[in-house]
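For reference, the chains in residue letters:
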Amino acid sequence: PPTHPTVRRMPRRPSLRIGNETIPYGPRLADACDSTELFERGDYDGLHRRLKNKGYLWIRGVLAKEKILMARKTMLNALRKKGAISSDAKDMNHAPISDKNIEGWCVDAESGGTVGDRDPDVELWRKIGNSQALTDVYNGEGLRRFCTKLFGKSSRLLPGCTWLRAKALGELTAEHVDYYYFYKNTEIMGGNSALPSWTQGPGGESKMQKRLCAVYHQSKTGPEGTACKYCGNFQSCEVCGSAFDPESMLMCDICQGGFHLKCCTPPLSKIPDTAEWHCHDCANEPLPVYTCWIPLGNITPLDGILALQPHTQSLSGYKKPINGLLPAEYAKFLRSTKKGGRRKRKRKAMEKEEGYRQKGMKPVWHVPPRVEPGDLIIFNLKTVHAASKNISRCFRLSLDTRVVAQDISTCRVRKALGELSNSQPKGARS
């Protein structure tokens, strides 16, 4: 790829609204780490190490600019049909919003549905989301080739988990992690995604089950009719060891272990109404699932740009969420820590790397000074992020899709399958 010029700095206001905070420019706002140099050198090992450490990558010029601009034009044409773009707009790159009170759109690209049933015209948005112009971006060769080089041949895009966004005047996104939405509404982390690829081939299921039996089916007694057809034993609770009361036993979609409601951490009174269920250990373990955020135009912090908090992908406390958006440890992450231990060492390392100016200061937000068509920001499903407030008179257009870097096999299930020593597919990175 060609060498890119230095990113042009935009005039700064006294403060920036990010999520639920208004933050004055200073030590708590830092320019996002630009990884373009590593990309241009072809140093994908360096990119992977930085992604694993910081929890995100910002790279310029990854995707073809002409494809991004075609996707932008397609989105703007849809907004023009909705009467959301001023009729006298001559430049589609800077098309102003027709009414300052109009709301933005957040559209499921595959189904055409909108968040909160914002727009009943599902057919129009389904047509836009599945158009050649948009699919060339979120399911195209450019993104696929990049992810293969970054993660290995076992990685795969998830075009069914793509959102099209048009942020209107005054709109922002509160700080959150993507994990909770996909945990509640999709099955991208459990089921077949949580098992090694060899289990999907002929005979793989029975071979896998026999190995799992040796770990999970330890009970010789249990309710009649619930014995395993492979080993004849019963699925027992991982905490109390009992195979009885199977109707109140939850199966973790990642590790396949069983847990009675009362034995869960924390204990549950009823079966959760979520698409997947993860046990305490699997919920807190890092997952190799990433969000690819792609701007469809030039975006600055004043237009509603993506902001990220580095190193937050390793936080724990996912079974006690804050407002259903953030893990419990995030509250401790924000406070000054006086006691010793792992959390203090983590804070000290972070303060040294990020250049904090005051002891105990709240974590820094990393914000790109400007993103352009062809740029890509990729971050872990558990990285805390938000969007600044759009104070321009134009829609901020972007899309975000997901990629699974490798089989979502936690240490627990890899141990059950006897793969701890050789769990990596050839060419994959953990």
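Residues numbered from 1 in each chain as written. Predicted model: local features only at pLDDT ≥ 70, side-chain atom pairs only at ≥ 80, totals over all residues. Heavy atoms only, no water.

**Q** With reference to specific residues and values, describe unusual backbone geometry.
**A** Each neighbour pair has its own omega, and for Thr265 with Pro266 the value is -5°, a cis peptide bond. Within the fold, Pro266 resides in the loop between β9 (258–260) and α9 (280–284). The phi torsion at His311 lies on the positive side, around 70°, for a residue other than glycine. Looking at where His311 falls in the secondary structure, it is placed in the loop between β11 (306–308) and α10 (329–334). (Helix = DSSP H or I, 4+ residues; strand = E, 2+ residues; numbered from the N terminus.)

**Q** Give me helix α3 (residues 65–81): which residues, what numbers.
**A** With 17 residues, α3 should cover 24 Å at 1.5 Å per step; its first-to-last C-alpha distance of 25 Å lies within 8% of that length. Within the span of α3, buried status applies to Ile68, Ala71, Arg72, Thr74, Met75, Leu76, Ala78 and Leu79. For α3, the elements touching its buried residues are β5 (105–108), α4 (122–129), α5 (132–138), β6 (156–167), β10 (289–295) and β15 (396–404). Of the residues one or two after α3, Gly83 is the one with positive phi, at around 75°. (Expected span 1.5 Å × (residues − 1). Buried < 20%, exposed > 50% of the residue type's maximum accessible area, 1.4 Å probe, protein only. Contact = heavy atoms within 4.5 Å.)

**Q** Which residues make up the layout of surface pockets, and what are the values?
**A** In this structure, the largest pocket encloses a volume near 750 Å³. For the largest pocket, the lining is made up of 31 residues, of which Cys106, Val115, Arg165, Thr173 and His176 are closest to its centre. Among the elements of the structure, β5, β6, β7 (173–176), α7 (179–185), β10, β14 (385–387) and β15 are those that each provide at least two residues to the lining of the largest pocket. Class assignment of the residues belonging to the lining of the largest pocket gives a composition of 15 nonpolar, 6 polar and 10 charged. (1 Å grid on protein atoms, 1.4 Å probe; cavity = no way out; pocket = protein on both sides within 12 Å on 5 of 7 lines; lining within 4 Å. Points joined across faces, edges and corners; volume = space filled by probe spheres on them. Nonpolar A, V, L, I, M, F, W, Y, C, P; charged D, E, K, R; others polar.)

**Q** Describe in detail the packing of aromatic side chains, supporting the description with residues and values.
**A** In total, this model carries 13 aromatic pairs according to the counting rule given. A centroid spacing of 6.1 Å and a plane angle of 65° characterise the contact between Phe39 and Phe146, whose relative ring orientation is edge-to-face. Linking Phe39 in helix α1 (residues 36–41) with Phe146 in helix α6 (residues 141–151), this pair joins segments that are 107 residues apart in sequence. Here Phe39 matches Phe146 in class, with each residue buried. Summarising the aromatic geometry, the rings of Trp105 and Trp125 are spaced 6.0 Å apart at their centres and angled 45° between planes, so their arrangement reads as tilted. Of the two residues, Trp105 is situated in strand β5 and Trp125 in helix α4; the sequence distance between them amounts to 20 residues. Considered together, Trp105 and Trp125 belong to a single accessibility category, that of buried residues. Put simply, the rings of Tyr179, Tyr180, Tyr183 and Tyr318 pair up and form one aromatic cluster. Seen from the ring of Tyr318, Lys382 lies directly overhead, with NZ or CZ sitting 4.3 Å from the centre. (Phe/Tyr/Trp six-rings, centres within 6.5 Å; stacked < 30°, edge-to-face > 60°. Lys NZ or Arg CZ within 6 Å of the ring centre and 35° of its normal.)

**Q** Can you break down the pattern of salt bridges residue by residue, with the values?
**A** Side chains carrying opposite charge are able to pair once their charged atoms draw close together. Inspection of the entire model under this criterion finds 13 salt bridges. Between Asp43 and Arg41 there is a salt bridge, and its shortest N-O distance comes to 3.6 Å. Given the relative accessible area of 22%, Asp43 is considered partly exposed. Residues participating in the shared-partner salt-bridge network are Arg165, Asp178, Asp400 and Arg402. (Salt bridge = Lys/Arg side-chain N within 4 Å of Asp/Glu carboxyl O.)

**Q** An account of the side chain of His311 is requested, with residue identities and associated values reported.
**A** What makes His311 buried here is its relative accessible area of 9%. Among the polar contacts made by the side chain of His311, one reaches the main-chain carbonyl oxygen of Asn53 at a distance of 3.1 Å. (Polar contact = N/O pair within 3.5 Å; in protein donor to acceptor, adjacent residues only side chain to side chain.)

**Q** Requested: an account of the side chain of Arg396, with residues and values cited.
**A** The topology assignment puts Arg396 in strand β15. The buried charged residue Arg396 lacks any salt bridge partner; its closest oppositely charged side chain belongs to Asp400, at an N-O distance of 6.1 Å. Among the polar contacts listed, one links the side chain of Arg396 to the side chain of Ser398, at a separation of 2.6 Å. (Lys, Arg positive; Asp, Glu negative; His and termini not counted.)

**Q** How would you explain the packing of α3 against α4 if you had to name every residue and give the values?
**A** Their axes nearest at 10 Å, the elements α3 and α4 cross at an angle of 165°. The orientation of α3 with respect to α4, classified from their angle, is roughly antiparallel. The handedness of the crossing between α3 and α4 is right-handed. Within the contact between the two elements, α3 uses Thr74, Met75, Ala78, Leu79 and Lys81 and α4 uses Leu124, Trp125 and Ile128. Here the contact of α3 with α4 is built from residues that sort into 6 nonpolar, 1 polar and 1 charged. (Axes fitted to C-alpha atoms, helices over the stretch in contact; angles between N-to-C directions. Parallel < 35°, antiparallel > 145°, perpendicular 65-115°, else oblique. Left-handed = near helix turned anticlockwise from the far one by under 90°.)

**Q** Got a sec to walk through the nonpolar core? Specific residues and values, please.
**A** Among the nonpolar cores identified, the biggest contains 51 residues, and Ile18, Tyr179, Met189 and Trp365 are the most heavily contacted of them. Looking at this core, the element that brings in the most residues is α7, giving 4 residues. What Ile18 contacts, discounting residues up to four positions off in sequence, is Ile23, Leu29, Glu175, Ala307, Trp365, Val367, Ala386, Ala387 and Ser388. If you look at the next biggest cluster of nonpolar residues, it comprises 50 residues, including Leu51, Val62, Ile97 and Phe151. (Core = buried A, V, L, I, M, F, W, Y, C linked by side-chain atoms within 4.5 Å.)

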